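Here are the chains, one letter per residue:
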Amino acid sequence: MAKYIFVTGGVVSALGKGIAAAATGALLEAKGLKVTLQKLDPYINVDPGTLSPFQHGEVFVTDDGAETDLDLGHYERYTSVRTSQKNNYTTGRIYYSVITKERRGDYLGETVQVVPHITDEIKQAIKSVSNDYDVVIVEIGGTIGDIESLPFLEAIRQFRYEVGRENVLYIHLTLIPFIKSAGELKTKPTQHSVKEFREIGIQPDILLCRTERQLPPDVKKKIAIHCNLDTDAVISARDVDTTYEVPLVLYSEGLDHLIERKFNLSSREPDLSQWKDIVRKIIEPKNEVTIAIAGKYTGLKDSYKSLIEALIHGGIANDARVNLQWIDSEEIEIHGPEKFLDDVDGILVPGGFGYRGIEGKVRAIRFAREKKIPYFGICLGMQCAVIEFARNVCGLAANSTEFDLNTKEPVIYLMERWYDFRKERVEIRSESSHKGGTMRLGAYPCMLEPGTQAYKAYGIKEISERHRHRYEFNNAYRGIFTRNGMKISGLSPDAELVEIIEIEDHPWFLGCQFHPEFKSRPTDPHPLFRAFIGAALSEKRSLFPDMEVKSEEKSRGM
């Protein structure tokens, strides 16, 4: 039978429950255990697909086309898990299911209530991911004390009695602030959080204490006494230089042995050599590149969480530090690209929706194309590259119908009929269709053209990548583009959907319709990010030929 670990948070939000849950999963996988993870979110939206990136951060997309919480990205980056719609449930989704059942007549004769109907639905959602796994780690969104989290907390309280006390473990993440004026670590917020947790009916088994510095033994003992725990169950979750160091920190604190003992599991000592190598390459890399990201959500980096991590992974693959230079594309519209892009080694335009900042992105792309700076366009970044090429190379008054329904040359448009290889059926849609119904979501196959940059990066002919977009490349313009030097390097198996474009006579210029960042891991960097950072590093070396010598001297401490 599977063992269940429930991860909750207290004191304040944004303590990093997702990282803590994912790092715990990584640690247990390194011990040879089969692990999966799930996120239960207390908000009423059915999924985060309609939420503002400024409020919620990025929307992470799974192979099966689910729009999910960004923490699922952490789960996939730290473990071998490939998540699905079963790995993320919201209050809205739980209530929607219960209300649908009630309308269908499943509860005839019953008064439908939070207990037992909502809590039973939550418990069933948890069990739905548990098949064939040794350990299921379930993260509860929100903070202890939030009214909207109560049904989830009641469900996990009941869960221990249903599956057996020996099969459930509660990890509570709290904050131990350091008051500089007093020179003290303060444990009272943690004490109050645990007190509130216990009032709900749950006694945490392990405390992960977020702190700027290592907790001294006397502080751990104080927390343990007040929170009814053994001292070794109080874990220092200290701040680190990179979140990929967290599995190593948790191991040094003995978390894996604690879990193993409480679950009465027998497993090997974890092999963390790969994580140590990753941390070394991030903290002490041999090389360095600067990448400009021209986007419109630059005020909140969580909007591009998977993208940032994938760029770091590309750096790991090239033993390079990737310095990110964030540029609001609207600023490029006002001041021009030269002010922001003259000293960068690569330019990336990420995905997004809406017209705001588009012309700035187009100008950044033209700068990259004309100055021979490595360019990577993702989703909207590919579409903007198509628009830029159409205008400035092909001489067309081009645009996307997303931005101008009446454009004379709709090089990007809403394809009304296409074959969906994931659903294995013909899809029909129009501008008047339900917004969600016009999206291409999830994993789709793509065939690569041999001899192209894309093929060199992947090394195989057929790939599968995750999509989240509404508009497509207009095939009516394929001929004029290819005649003018654009290469179509990736197509759907029926050759109807353009997935990857490149530009000839350029060191590295590639745009893709899909979101490769969703499949990148520090242990397995995505081929396109590996190639993009490699190209940026190569171009930098060609401009500064003595750079490699200096890097070698730096690594030797000279």
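Attention in this report is confined to the structure presented alongside it. (Residues numbered from 1 in each chain as written. Predicted model: local features only at pLDDT ≥ 70, side-chain atom pairs only at ≥ 80, totals over all residues. Heavy atoms only, no water.)

### Overview of the nonpolar core
Right, so step 1: If you look at the biggest cluster of nonpolar residues, it comprises 59 residues, and the most contacted ones within it are Ile-5, Ile-137, Ile-206 and Ile-223.
Right, so step 2: For this core, the element with the most residues is helix α1 (residues 17–29), which contributes eight residues.
Right, so step 3: The residues touching Ile-206, leaving out its near neighbours within four places in the chain, are Leu-169, Tyr-170, Ile-171, His-172, Leu-229, Ala-233, Ile-235, Leu-255, Leu-258, Ile-259 and Lys-262.
Right, so step 4: In terms of nonpolar packing, the next biggest core, distinct from the first, is built from 43 residues, Val-344, Tyr-375, Phe-403 and Ile-412 among them. (Core = buried A, V, L, I, M, F, W, Y, C linked by side-chain atoms within 4.5 Å. Buried < 20%, exposed > 50% of the residue type's maximum accessible area, 1.4 Å probe, protein only. Helix = DSSP H or I, 4+ residues; strand = E, 2+ residues; numbered from the N terminus. Contact = heavy atoms within 4.5 Å.)

### Some points on the packing of aromatic side chains
Right, so step 1: Here the structure, examined in full by the defined rule, presents 15 aromatic pairs.
Right, so step 2: The interplanar angle of 70° and the centroid separation of 5.0 Å between the aromatic rings of Phe-60 and Phe-518 together place this pair among those described as edge-to-face. Placement of Phe-60 in strand β3 (residues 60–61) and of Phe-518 in the loop between β25 (509–512) and α19 (527–543) is noted, with a sequence separation of 458 residues between them. As far as the burial class goes, Phe-60 and Phe-518 line up, both buried.
Right, so step 3: Taken together, a centroid distance of 5.2 Å and an interplanar angle of 40° make the contact between Tyr-78 and Tyr-244 tilted. Taken together, the residues span a long stretch of sequence, with Tyr-78 in helix α3 (residues 71–78) and Tyr-244 in the loop between β11 (234–238) and α9 (246–252) at a distance of 166 residues. Grouping residues by exposure puts Tyr-78 and Tyr-244 together as buried.
Right, so step 4: Three or more aromatic residues link up through ring pairs in this structure, and these residues are Tyr-4, Phe-6, Phe-159 and Tyr-170.
Right, so step 5: Seen from the ring of Tyr-133, Lys-34 lies directly overhead, with NZ or CZ sitting 5.3 Å from the centre.
Right, so step 6: Over the ring of Tyr-444 we find Arg-440, and its NZ or CZ is 5.1 Å from the ring centre. (Phe/Tyr/Trp six-rings, centres within 6.5 Å; stacked < 30°, edge-to-face > 60°. Lys NZ or Arg CZ within 6 Å of the ring centre and 35° of its normal.)

### Side note on the packing of helix α7 (residues 188–200) against helix α8 (residues 217–227)
Right, so step 1: In the contact formed by α7 and α8, the axes pass within 10 Å of each other and the chain directions differ by 25°. Relative to α8, α7 is oriented roughly parallel. Crossing geometry of α7 relative to α8 is assigned as right-handed. Residues Thr-190, Gln-191, Val-194 and Arg-198 of α7 lie in contact with α8, whose contacting residues are Lys-222, Ile-223, His-226 and Cys-227. (Axes fitted to C-alpha atoms, helices over the stretch in contact; angles between N-to-C directions. Parallel < 35°, antiparallel > 145°, perpendicular 65-115°, else oblique. Left-handed = near helix turned anticlockwise from the far one by under 90°.)

### Side note on the environment of Ile-503
Right, so step 1: Structurally, Ile-503 can be placed in strand β24 (residues 498–503).
Right, so step 2: Sequence separation between Ile-503 and Gly-183 is 320 residues; the distance between their C-alpha atoms is 59 Å.
Right, so step 3: Apart from the residues within four sequence positions on either side, Ile-503 is in contact with Arg-369, Phe-389, Gly-485 and Phe-509.

### A closer look at the pairing of strand β2 (residues 35–41)
On any regular strand, side chains alternate: one points to one face of the sheet, the next to the other face.
Right, so step 1: Judged by how many residues are buried, β2 sits mostly within the fold: seven of seven residues are covered.
Right, so step 2: Neither face of β2 is exposed, since Val-35, Leu-37, Lys-39 and Asp-41 on one face and Thr-36, Gln-38 and Leu-40 on the opposite face are all buried.

### Considering helix α4 (residues 91–104)
Right, so step 1: For α4, built from 14 residues, the straight-helix expectation of 20 Å at 1.5 Å per residue is met to within 8% by its first-to-last C-alpha distance of 20 Å.
Right, so step 2: Looking at the packing, one finds that the buried side of α4 touches β2, β5 (88–90), α5 (114–127) and α6 (150–163).
Right, so step 3: Positive phi shows up at Gly-105, right after α4, with a value of about 100°. (Expected span 1.5 Å × (residues − 1).)

### Brief notes about the sheet that holds β25
Right, so step 1: Ordered by their spatial adjacency, nine strands build an open sheet running β13-β12-β14-β15-β25-β24-β23-β20-β21, and the pairing between neighbours is mixed. The open sheet has two edge strands, β13 (320–328) and β21 (462–469), and neither has a second partner. This sheet shows a mean twist of 25° between the axes of neighbouring strands, independent of strand direction.
Right, so step 2: Taken together, the three bridges between strand β14 (residues 346–349) and strand β15 (residues 375–378) define a ladder with parallel strand orientation. For Ile-347, the partnering residue across the bridge sits in β15 and is Tyr-375.
Right, so step 3: Where helix α15 (residues 358–370) meets the sheet, it contacts β12 (287–295), β14, β15, β24 and β25, and its direction lies at approximately 150° from that of β14. (Pairing = 2+ DSSP bridges.)

### Here's the deal with the environment of Asp-319
Right, so step 1: Take Asp-319: it is sitting in the loop between α12 (305–317) and β13.
Right, so step 2: For Asp-319, the contacting residues outside a window of four places in its chain are Arg-280, Lys-281, Pro-285, Lys-286 and Asn-287.

### Re α15
Right, so step 1: An ideal rise of 1.5 Å per residue puts 18 Å on 13 residues; α15 measures up with 18 Å between its terminal C-alpha atoms.
Right, so step 2: Taken together, the buried positions of α15 are Ile-358, Gly-360, Lys-361, Val-362, Ala-364, Ile-365, Phe-367, Ala-368 and Arg-369.
Right, so step 3: Lys-372 sits one or two positions beyond α15 and adopts a positive phi of about 60°.

### Comments concerning the sheet that holds β5
Right, so step 1: The strand order across the open sheet formed by seven strands is β5-β2-β6-β1-β7-β10-β11, and the pairing between neighbours is parallel. Two strands bound the open sheet, and with one partner strand each, they are β5 and β11. Here the average twist between neighbouring strands, direction ignored, is 20°.
Right, so step 2: With six bridges connecting them, strand β1 (residues 3–9) and strand β7 (residues 168–175) associate as parallel partners. Looking across to β7, one finds that Tyr-4 is bridged to Val-168.
Right, so step 3: Against the sheet, α8 engages β10 (206–211) and β11, with an angle of about 130° to β11.

### Quick look at the pairing of β10
Right, so step 1: With respect to burial, β10 is a largely interior element, five of its six residues being buried.
Right, so step 2: For the crossover that starts at β10, traverses α8 and ends in the parallel β11, the hand is right-handed. (Right-handed = clockwise from strand over helix to strand, strands pointing away.)

### Quick word on the environment of Lys-281
Right, so step 1: Mapped onto the secondary structure, Lys-281 falls in helix α11 (residues 273–283).
Right, so step 2: The sequence separation of Lys-281 and Gln-214 amounts to 67 residues, and the corresponding C-alpha distance is 24 Å.
Right, so step 3: The residues contacting Lys-281, other than those within four sequence positions of it, are Ile-316 and Asp-319.

### What about the packing of α15 against helix α16 (residues 380–392)?
Helix-helix packing: each pair is described by the crossing angle between the helix axes and the interaxial distance.
Right, so step 1: Where α15 contacts α16, the axes come no closer than 9 Å and their chain directions differ by 70°. Between α15 and α16, the angle falls in the class roughly perpendicular. The handedness of the crossing between α15 and α16 comes out as right-handed. From α15, Ile-358, Glu-359, Lys-361, Val-362, Ile-365, Arg-366 and Arg-369 reach across to α16, where they touch Leu-380, Gly-381, Cys-384, Ala-385, Ile-387, Glu-388, Phe-389, Arg-391 and Asn-392.
Right, so step 2: Partitioned by chemical class, the residues of the contact of α15 with α16 number eight nonpolar, two polar and six charged. (Nonpolar A, V, L, I, M, F, W, Y, C, P; charged D, E, K, R; others polar.)

Structural measurements only, silent on function.
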